[in-house]
Amino acid sequence: MFRERLYRFFIELSNISVFTGSTLKHIFKRPFESKEFVRQLFETGYKSFGLISLTAFIMGLVLTIQTRPVMAEFGAESWVPAMVLIAIVVEIGPVITALLFAGKVGSRIGAELSSMRVTEQIDAMEVSGVYPMRYLVATRVLATTIMLPVLVFYADFMALLGSYLGYTMHNTIGLWLFIREAFDELYFYDLLPATIKTFFFGFFIGLLSCYKGYTTNKGAEGVGLATNMAVILSSLSIFIIDLIAVRITEIIVR
Amino acid sequence: MNKVPIIPLGHAIDIEGVNKSFGENHVLHDINLKLSSDENLVILGRSGTGKSVLIKCIVGLEKYDSGVIYVLGNNIGTMDEFDLNDLRKDIGFLFQGGALYDSMTVEENLLFSLERNARHLARSEMNDLIDDVLESVGLLDAKFMMPVELSGGMKKRAGLARTLVLKPKVILYDEPTTGLDPFTSEGINELILSVKERYKTASIVVTHDMKTAKITADRMIIMERGEILARGSYDDLKRIDNEVIRGFFN
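Note that this is a predicted model, so its numbers are computed, not measured.

(A) Just a nonpolar patch on the surface, in detail. On the surface, Phe-2, Leu-6, Phe-9, Phe-10 and Leu-13 of chain A cluster together into a nonpolar patch covering about 530 Å² of accessible area. Relative to the assigned elements, Leu-6 of chain A resides in helix H1 (residues 2–28).

Written out as structure tokens, the structure is:
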């Protein structure tokens, strides 16, 4: 039983590797499907702004409300803006935004592609001399890779506004002074690894969601399963990449 | 798999000793057939006899285990992704459910293939070609409709139009009349004949409907459990004393 599971795991891993290779090949092949790529930027990015705005704002607000009393007890209330910003920029912002993105965009991609697979639309593309890997997969993976870092920056900004609101419930401070205090303790080596890892988050969310959708083969049941697995695998990949990024950053900064 | 066959001139498709399994399930056993460049071949068989798998092997959607398939002189089994893609422009495939892109109108479905495979054409030429093909399948009025608004028969017509717009040399029909009422089926059968006449295509029609087979076939093959059971004209097959074959005629 264990051996069989292990075997299936490695088979799946090798299939994902082949799929990744094919995706990368089609990202760089011409002619590029630019119209579909722009549509995907809109679908994955623009349509996620509402969700990200609300959750990031609440995240910043709640984080500030919960940490302020503890910091005040140690007489370090003025450190709250910087502490919240570092927590958001370095870890919470990228991870929470990526998880939301995996849930919203990953499930959409998984459901869309798996439904196209079971209704033979992907086969129809193939026999019409169109590359579905280029039209459907390369465009989506590239769009998620580009849009997630943009959304994370935006989420960081919204969380900062939420944090300001939480802070001003008990203190009087201007927005610009709050922002200046928050950025006082943020350094380039905090921002760079956090930004780099979001590109990887976006790439793997797009890739794994496309993989589960594109390779489904069990009819209507497969659509549900592919959607489900797209979110699970994408979310799991976020934590694994995050762990690797933290270790690499730690080694480099030391 | 790589033995070199001799392809007689005029053969659009040449299949030699093809086998295909899904795990323990052997779906195709030693299939041999040839399709001339001007004939309609009907493959008749019950559900699950491997007919659809065979035409998917021909177009490269399924990989076969052994044997060789030549389509328009090209060995499908040894072609890379890009060469196969080029060849597919000459092979039309009508899917059982039409397989229309459900986020596009009928016109956009046709334009999608055309824009990517006929870049030398101006947009006005593409529009003329689309109108011409839609008219030939009787769907010009449905040009701006979404697939969800079409009936089963209209979906198949639109699927065929999407294939015809690329001017294929060979068309593979996967159960073209399945799920349609007798009147609509008759319309599709007539369409298959008119397409052959007008576009000078060779075709393979996979079906379990004897009426479709009788109307559209120049030649027929009956498949059973992944093997070719009999081949010949409608009248030849009618004379064979075999329980499975009799089942189709009764």
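Here the narrative resumes.
(B) Region of interest: the side chain of Asp-14 of chain B. All names here are of chain B. Along the polypeptide, Asp-14 turns up in strand S1 (residues 11–22). Judged by its relative accessible area of 1%, Asp-14 is buried. A polar contact of 3.3 Å, which involves the side chain of Asp-14, links it to the side chain of Lys-34.

(C) Seen up close, the nonpolar core. All names here are of chain B. In terms of nonpolar packing, the biggest core is built from 77 residues, with Ile-13, Leu-172 and Ile-204 touching the most fellow members. Setting aside anything within four residues of it in sequence, one finds Ile-13 in contact with Leu-33, Lys-34, Leu-35, Ile-58, Tyr-70, Val-71, Val-170, Leu-172 and Ile-204. Within the second largest apolar cluster, 42 residues are counted, among which are Ala-142, Ile-171, Met-210 and Tyr-234.

(D) View of the confidence of the model for chain B. Residue and element names in this part refer to chain B. Residues at a pLDDT of 70 or more form 96% of chain B, whose mean pLDDT is 89. The secondary-structure element of chain B with the lowest mean pLDDT is helix H9 (residues 243–249), recorded at 84, while strand S4 (residues 66–71) shows the highest, at 94. Under a pLDDT of 50 for its full length, residues 1–8 has, in the predicted model, 16 contacts with residues more than four places off or in other chains. For this predicted complex, the interface confidence score (ipTM) comes to 0.87, while the overall pTM stands at 0.87.

(E) Spatial organisation of the sheet that holds strand S5 (residues 74–75) of chain B. All names here are of chain B. Taken in spatial order, the four strands make up an open sheet running S2-S1-S4-S5, and their pairing is antiparallel. Edge positions in the open sheet fall to strand S2 (25–36) and S5, since each of these has one partner strand only. Relative to S5, S4 is paired through two bridges, and the arrangement is antiparallel. Looking across to S5, one finds that Tyr-70 is bridged to Asn-75. Lying on the sheet, helix H1 (residues 51–58) is in contact with S1, S2 and S4; it crosses S2 at an angle near 60 degrees.

(F) Quick peek at the packing of helix H4 (residues 80–118) of chain A against helix H6 (residues 132–168) of chain A. Residue and element names in this part refer to chain A. Running from N to C, H4 and H6 cross one another at 145 degrees; their axes reach a closest spacing of 7 Å. Every pair of crossing elements has a handedness; the one defined by H4 and H6 is right-handed. Broken down by class, the residue content of the contact of H4 with H6 amounts to 22 nonpolar, four polar and three charged.

About the criteria used
Residues numbered from 1 in each chain as written. Chains lettered and ligands numbered in written order. Predicted model: local features only at pLDDT ≥ 70, side-chain atom pairs only at ≥ 80, totals over all residues. Heavy atoms only, no water. Patch = residues over 30% accessible without salt bridge, like charges linked within 9 Å, V, L, I, M, F, W, Y side chains within 5 Å. Areas by Shrake-Rupley, 256 points an atom, 1.4 Å probe, with all protein chains shown as cover. Salt bridge = Lys/Arg side-chain N within 4 Å of Asp/Glu carboxyl O. Helix = DSSP H or I, 4+ residues; strand = E, 2+ residues; numbered from the N terminus. Buried < 20%, exposed > 50% of the residue type's maximum accessible area, 1.4 Å probe, protein only. Polar contact = N/O pair within 3.5 Å; in protein donor to acceptor, adjacent residues only side chain to side chain. Core = buried A, V, L, I, M, F, W, Y, C linked by side-chain atoms within 4.5 Å. Contact = heavy atoms within 4.5 Å. pLDDT = per-residue confidence, 0-100. Pairing = 2+ DSSP bridges. Axes fitted to C-alpha atoms, helices over the stretch in contact; angles between N-to-C directions. Left-handed = near helix turned anticlockwise from the far one by under 90°. Nonpolar A, V, L, I, M, F, W, Y, C, P; charged D, E, K, R; others polar.

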